[in-house]
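The lines below spell out each chain.
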Amino acid sequence: VYELFALHAQYGPINGLGDDLRQFEAYLGRPQILYCLSMIEGRQGHAMTSIALERCAFASSVTSQRARWNAAIFLGSHDWTSLAKRELVAVLQGEGDSKLSYDLLARMRLSNLLGDDGDDAAAAEQLRAAVEELRDSARSQPIVNELVAQVQWREFRAARAAKDEATMKKKV
């Protein structure tokens, strides 16, 4: 269902949107669908309706890290990265029984998106925060080692982009 509405958002609206809205009415309050409807409205030049739907999408998962995570993954899979990043930051602000797990997943995914955007310093910062969270929780050392290696790589790339030879030598 989400992919159907993503298709409408990316290339449409395509004929049959009205039928799809009626058929999948039960899904209309989910953030993935609301984000798609926002994009459809934006493509049609209805800026205010688009903004309102986007805000509804963001608000619809306010109490659930899982819902925010799912929305972020959906958005990222369609290259709607600014929205995905916003949802991932909201995951980090959330609470719940699986907070550490969702926080770690969000930080790693956010790091990837930031790195893809060329912001290796911010990507490294997310990984560094994940390392600290893992160290505080006494979790598995191999995961910490992997994250530390990724931090070093991102910091090296950021130093290279800034032409900071001293930091580059430290990271090698």
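Refer to the structure above for everything that follows.
Thresholds, definitions, all that
- Residues numbered from 1 in each chain as written.
- Predicted model: local features only at pLDDT ≥ 70, side-chain atom pairs only at ≥ 80, totals over all residues.
- Heavy atoms only, no water.
- Patch = residues over 30% accessible without salt bridge, like charges linked within 9 Å, V, L, I, M, F, W, Y side chains within 5 Å.
- Areas by Shrake-Rupley, 256 points an atom, 1.4 Å probe, with all protein chains shown as cover.
- Salt bridge = Lys/Arg side-chain N within 4 Å of Asp/Glu carboxyl O.
- Helix = DSSP H or I, 4+ residues; strand = E, 2+ residues; numbered from the N terminus.
- Buried < 20%, exposed > 50% of the residue type's maximum accessible area, 1.4 Å probe, protein only.
- Expected span 1.5 Å × (residues − 1).
- Contact = heavy atoms within 4.5 Å.

Enquirer: How would you explain a nonpolar patch on the surface if you had to name every residue and give the values?
Expert: Together, Leu7, Tyr11 and Ile14 make up an exposed nonpolar region whose accessible area comes to about 300 Å². Within the secondary structure, Tyr11 sits in helix α1 (residues 2-11). Exposure remark for Tyr11: the relative accessible area of 59% places this residue in the exposed category.

Enquirer: Would you mind going over helix α3 (residues 31-43) in detail, with residue names and values included?
Expert: If you check α3, its first and last C-alpha atoms are 18 Å apart, about what 13 residues at 1.5 Å a residue would give, namely 18 Å. Along α3, the residues that are buried comprise Pro31, Gln32, Ile33, Leu34, Tyr35, Cys36, Leu37, Ser38, Met39, Ile40 and Glu41. The secondary structure elements touched by the buried residues of α3 are α1, α2 (17-23), α4 (47-59), α5 (65-77) and α6 (81-93). Just downstream of α3 lies Gly45, where phi reads positive at about 85°.

Enquirer: Can you lay out the environment of Ala106 for me, pointing to particular residues and giving the numbers?
Expert: Looking at where Ala106 falls in the secondary structure, it is placed in helix α7 (residues 99-116). Note: C-alpha distance between Ala106 and Glu155 (49 residues apart in sequence) is 19 Å. Other than its neighbours up to four places away in sequence, Ala106 contacts Trp69, Leu88, Val91 and Leu92.

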